[in-house]
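For reference, the chains in residue letters:
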Amino acid sequence: MRYLKDFPSHGNLMVQSKGIPLVPLNVNAHFHTPYSYSSFSGMEQIFEMAKDEDVKVLGINDFYVTDGYDEFAESADKNKIFPLFNIEAIALWKEMQQKGIRINDPNNPGRTYLSGKGLDYPVTLAGECKEMLESVKAESQRQMHEMIGKLNAWLQEAGVDMAFAYDDIRKRFARQLVRERHIAQALRTAVFERFESDDERKKILEKIYGKPTDVDIHKAAALENELRNNLLKAGKKAFVKEDDKAFLSVEQVKKIILNAGGIPCYPVLLDDVTGEVTEFEADKEELYQNLVAKNIYCIELIPGRNKCEILEPFVQYFYERGFVILLGTEHNAPGLIPLTPNCRGGVPLTPFLKQVNYEGACVVAAHQYLRAQGNEGYTDPDDDGKVQMYQRTYLTLLGNAVIRKWME
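Read on for a plain summary of the structure. In this text the structure is predicted, and so the values were computed from the model without any measurement.

### Topic: empty space enclosed by the protein
Reasoning step 1: Going through the model one piece at a time under the given rule, you end up with 3 cavities of 30 Å³ or more.
Reasoning step 2: Approximately 60 Å³ is the volume attributed to the largest cavity.
Reasoning step 3: Of all the secondary structure elements, the ones that give two or more residues to the lining of the largest cavity are β4 (87-92) and α10 (250-259).
Reasoning step 4: When grouped by side-chain class, the residues that make up the lining of the largest cavity number 7 nonpolar, no polar and 1 charged.
Reasoning step 5: Considering only enclosed or pocket space, the second largest cavity measures out at about 50 Å³ in volume.
Reasoning step 6: Around the second largest cavity sit W93, T112, L114, V250, Y266, F280, N290, L291, K294 and I296, which together line it.
Reasoning step 7: The set of elements that each furnish at least two residues to the lining of the second largest cavity consists of β5 (111-117) and α11 (284-293).

Printed below as a string of structure tokens:
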């Protein structure tokens, strides 16, 4: 397939693109695929939905893995949809954990989700960075092995004739790493395959839970969430606490992202359905200062979580301070929603939010392009990811040219 290293030089590309307006295209800069866990059945479905919804830029954002990149790149080339190569990891900010401060995990103080945007393709990790990532992945899978074992023990104790094996779950339900949601998916599938009538299924679920099910068992997403909440969450029969070895520090995750050629990006939760915001995000000025202190000049949001009236002024604050801002849908839970990012309740993005999202995608596209051509992108990996803030305007125009060229 073609890739950005075969494009014209950036000088020629800018000349060729002179006069192309910076009209925003539809962008989804953050979604997960079945290579980690996803509500999509496969890559083909993602691109079919993108074409149906006229989404022109897509950003793969799987947890810990880049195994989906090749299939993603081939589909992007075939469909003339620009690909953003991203990754996501969970770090532990121990200082904040000790203070009881929630970052961007509403339930676990100190736990910090970080994304890497615009990684090199193909991506290469070497030495210490590769070892760190492999160690965390191995620890996460050790936890899944133990969780499956505890689930099997509980099923036996409850008199339920079912047992699961890690290798079987991975082969059937996961492309790469097994996650908690895959275990719930495997259990729901087994209940439906083993028992033919709904009465039998409800009876077996009652044996598993020790109480009746509260959901419509034909709604897969609701049933899988119920299985997780009743069996796999803290205090439940198959719960396994994550060891600190399952987490890197924020600095270590940043180092991996930079080593892979990417842009460190902080995923913002902002307001939940009750209007609550985590302690770390409650004061946007303090959040800004904390991110700048970490040399993080890129944020992303999943607007479906947020009220537009809260989201837009928040985004404007960071946009005016030179940040790169991206929006996505995540698709990291059962149940298929549109690929087009919308605010909570399906409220469409405002023109400002669409423009900012597209400009952010342009900066990442330009970064990928410059890196592929052997040049420095938005971040300096040799200087802790520092950026030249004034570059954002130029990179936005360059990225617009790159994206339009890709679509030819």
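### Thoughts on the sheet that holds strand β8 (residues 324-327)
Reasoning step 1: Read across the sheet, 5 strands follow the order β4-β5-β6-β7-β8 without closing on themselves; strand pairing throughout is mixed. Either end of the sheet is taken by a strand with one partner, and the two such strands are β4 and β8. The average angle at which neighbouring strand axes cross in this sheet is 35°, direction not considered.
Reasoning step 2: Sheet analysis places strand β6 (residues 263-268) next to strand β7 (residues 298-301), joined by 3 bridges and oriented parallel. Bridge pairing in β7 places Y266 opposite I299.
Reasoning step 3: Against the sheet, α10 makes contact with β4, β5 and β6, and its axis sits at roughly 10° relative to β5, the strand it touches most.

### Section: the pairing of strand β2 (residues 55-60)
Reasoning step 1: With 5 of its 6 residues buried, β2 lies for the most part within the structure.
Reasoning step 2: As defined by bridge partners, strand β1 (residues 26-31) adjoins β2 across 4 bridges and the pair is classed as parallel. Directly across from V27, in β2, lies its bridge partner V57.
Reasoning step 3: In the classification by handedness, the crossover that spans β1, the intervening helix α2 (residues 43-53) and the parallel β2 is right-handed.

### Structural notes on the environment of M389
Reasoning step 1: Mapping M389 onto the fold places it in the loop between β12 (386-387) and α14 (391-406).
Reasoning step 2: Distance from M389 to K117, taken between C-alpha atoms, is 17 Å for residues 272 residues apart in sequence.
Reasoning step 3: Apart from the residues lying within four places of it in its own chain, the contact partners of M389 are Y297, R321, G322, F323 and Y378.

### Things to note about the pattern of salt bridges
Between side chains of opposite charge, a pair can form as their charged atoms come close.
Reasoning step 1: All chains considered together, the criterion is met by 24 salt bridges.
Reasoning step 2: Between K99 and E95 there is a salt bridge, and its shortest N-O distance comes to 3.3 Å. Residue K99 and its partner E95 are located together in helix α4 (residues 94-99), separated by 4 residues, close to a single helical turn.
Reasoning step 3: The exposure class assigned to E95 is partly exposed, which follows from its relative accessible area of 44%.
Reasoning step 4: Put simply, R102, E276 and E279 are held in one network by salt bridges that share partners.

### A few points about the side chain of E359
Reasoning step 1: Topologically, E359 is positioned in helix α13 (residues 351-372).
Reasoning step 2: The residues touching E359, leaving out its near neighbours within four places in the chain, are L22, Y319 and T396.

### Overview of unusual backbone geometry
Reasoning step 1: For the peptide bond that leads from Y121 to P122, omega is -5°, which places it in the cis range.
Reasoning step 2: Along the polypeptide, P122 turns up in the loop between β5 and α5 (127-157).
Reasoning step 3: One non-glycine residue, E330, adopts positive backbone phi at about 75°.
Reasoning step 4: Residue position: E330 is located in the loop between β8 and β9 (342-343).
Reasoning step 5: For E330, a relative accessible area of 18% translates into the label buried.

### Remarks on the sheet that holds β2
Backbone-to-backbone hydrogen bonds join strands into a sheet, with any given pair of strands oriented parallel or antiparallel.
Reasoning step 1: Pairing is parallel across the open sheet formed by 3 strands, whose spatial order is β1-β2-β3. On the outer flanks of this sheet lie β1 and β3 (82-85), each paired with one strand and no other. Within the sheet, the average angular offset between the axes of one strand and its neighbour, ignoring direction, is 15°.
Reasoning step 2: Of the strands in this sheet, β1 and β2 touch α2, which is tilted by about 150° from β2.

What counts, and where the lines are drawn
- For every chain, the first residue of the written sequence is number 1, and numbering continues from 1 along that sequence.
- The predicted nature of this model means local features are confined to residues of pLDDT at least 70 and side-chain atom pairs, given and counted, to a pLDDT of 80 or more, with totals for whole chains, interfaces and linings taken over all residues.
- The side-chain numbers reported here are obtained from all heavy atoms of the structure, hydrogens and water having been left aside.
- In this analysis, the protein atoms alone were mapped onto a 1 Å grid. Cavities are point sets where a 1.4 Å probe fits without being able to get out; pockets are open sets with protein on both sides within 12 Å along at least five of seven lines; lining residues have an atom within 4 Å of a point.
- Grid points are joined across faces, edges and corners, and a volume is the space filled by probe spheres set on the points.
- Counting from the N terminus, the helices are the DSSP runs of H or I reaching at least four residues and the strands are the DSSP runs of E reaching at least two.
- Note on residue classes: Ala, Val, Leu, Ile, Met, Phe, Trp, Tyr, Cys and Pro are nonpolar, Asp, Glu, Lys and Arg are charged, and everything else, Gly too, is polar.
- Each pair of strands is called paired provided DSSP finds at least two bridges between the two strands.
- Angular values range over 0 to 180 degrees, each being the angle between N-to-C directions of two axes fitted as lines to C-alpha atoms, with helices fitted over their stretch in contact.
- Contacts are assigned to residue pairs with any non-hydrogen atoms lying within 4.5 Å of each other.
- For the exposure calls, accessible area comes from a 1.4 Å probe over protein chains only, and a residue counts as buried if that area is under 20% of its type's maximum, exposed if over 50%, partly exposed in between.
- When the strands point away from the viewer, a crossover counts as right-handed if the route from the first strand across the helix to the second turns clockwise.
- Salt bridges are identified by distance alone: a Lys or Arg side-chain nitrogen within 4 Å of an Asp or Glu carboxyl oxygen.

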